[in-house]
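Remarks on the overall topology
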Amino acid sequence: METLLYDKTENCPVCRRDFSSKKVRSRKLVIVEKQDDLNIVYKDVNPLYYQILVCPECGYTGIESEFEDISPIHKKLFDDTVRYKWKQRSYGNVRTVDEAIECYKLALLMAQLFKKPKSYVGNICLKLAWIYRELQSEKEEEYLKYALNNLQDAYQGERLDSASVSEMTTAYIVAELNRRFGNYRESIVWYAKVLDNPEIKNNRQLQLKTREQWRLAKEQHDQQKNAV
Ligand SMILES: [Zn+2]
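Definitions and limits used
- Residues numbered from 1 in each chain as written.
- Predicted model: local features only at pLDDT ≥ 70, side-chain atom pairs only at ≥ 80, totals over all residues.
- Helix = DSSP H or I, 4+ residues; strand = E, 2+ residues; numbered from the N terminus.
- Expected span 1.5 Å × (residues − 1).
- Buried ≥ 20, exposed ≤ 12 C-beta atoms within 10 Å, placed from the backbone.
- Domains from an automatic or database assignment.
- Contact = placed C-beta atoms within 7 Å.
- Nonpolar A, V, L, I, M, F, W, Y, C, P; charged D, E, K, R; others polar.
- Core = buried A, V, L, I, M, F, W, Y, C linked by C-beta atoms within 7 Å.

**What about helix α4 (residues 139-157)?**
Here α4 spans 27 Å end to end across 19 residues, near enough to the 27 Å set by a 1.5 Å rise per residue. Those residues of α4 not exposed but buried are Y143, L144, A147, L148, N150, L151, Q152, A154 and Y155.

So this is what it looks like as structure tokens:
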């Protein structure tokens, strides 16, 4: 486990202190299972645990890829609402599942405070749901529903190419979550959006997976109709 992780020094864009956070050597990861909603289960370590950075000094938290992006207005907002209440604590060691959940909850809190795009919020909710899945917690479903609502709104109202989840992947996840919740008719519409995207030609794996799940949703839809 230790060889899969290493320490990286980060700099907090709010208080400008350096701090250490674990990173995952992704090339060393061994895949155990690829799940239908694109969650990947790995042997020994869950890389999702380490995608959120938390500054131990001031509490500023964000997804690693967008950690630096904070405007002066948001800094002030953060100082007035979170920073003065923050009790110093570090998430810089190997994280337990409970610590990983705390990191995602902090990231959600910041996302709401800074009114981050719904794609960003949906992405955090999805990953948090996947962590709850490991625990077989009923919270998984709660966060999958938040993810579905946010990603569906994001697809319809936000530009997604620069966001952490691309347009096709977002449509696929919306389709798959709708199917999971028994909304077969909606899921079929969303799988079609993935297959109609001109970019799908460049993602053969997603294309095949979408066709497979689309057929499954159609079968489930027919079964549901026949049962009534
Ligand atoms: Zn800080």
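Now that the structure is up, let's keep going.
**Focus: the domain arrangement of the chain**
By the assigned domains, the chain splits into domain 1 (2-152) and domain 2 (166-228). Averaged C-alpha coordinates put domain 1 and domain 2 at centres separated by 28 Å. Facing the 10 residues of domain 1 at the interface are 7 residues of domain 2. The dominant element in the side of domain 1 that touches domain 2, judged by the number of residues it contributes, is α4, at 5 residues. A class-by-class count of the residues in the side of domain 1 that touches domain 2 yields 6 nonpolar, 2 polar and 2 charged.

**Here we look at the environment of T9**
When you line up the elements, T9 lands in strand β1 (residues 5-11). Given 9 C-beta atoms within 10 Å, T9 falls into the exposed group. Distance from T9 to K23, taken between C-alpha atoms, is 9.9 Å for residues 14 residues apart in sequence. Setting aside residues up to four positions removed in sequence, T9 forms contacts with D18 and S20.

**A look at the nonpolar core**
One finds Y104, A107, I124, A129, A147 and V174 to be the most contacted residues of the largest nonpolar core, which totals 51 residues. Elements with a contribution of two residues or more to this core: β5 (52-54), α2 (97-113), α3 (118-134), α4, α5 (167-180), α6 (184-196) and α7 (204-227). Shared between two domains, this core takes at least three residues from each, and those domains are domain 1 (2-152) and domain 2 (166-228). Leaving out residues up to four positions away in the same chain, Y104 has contacts with I52, I124, K127, L128 and I131.

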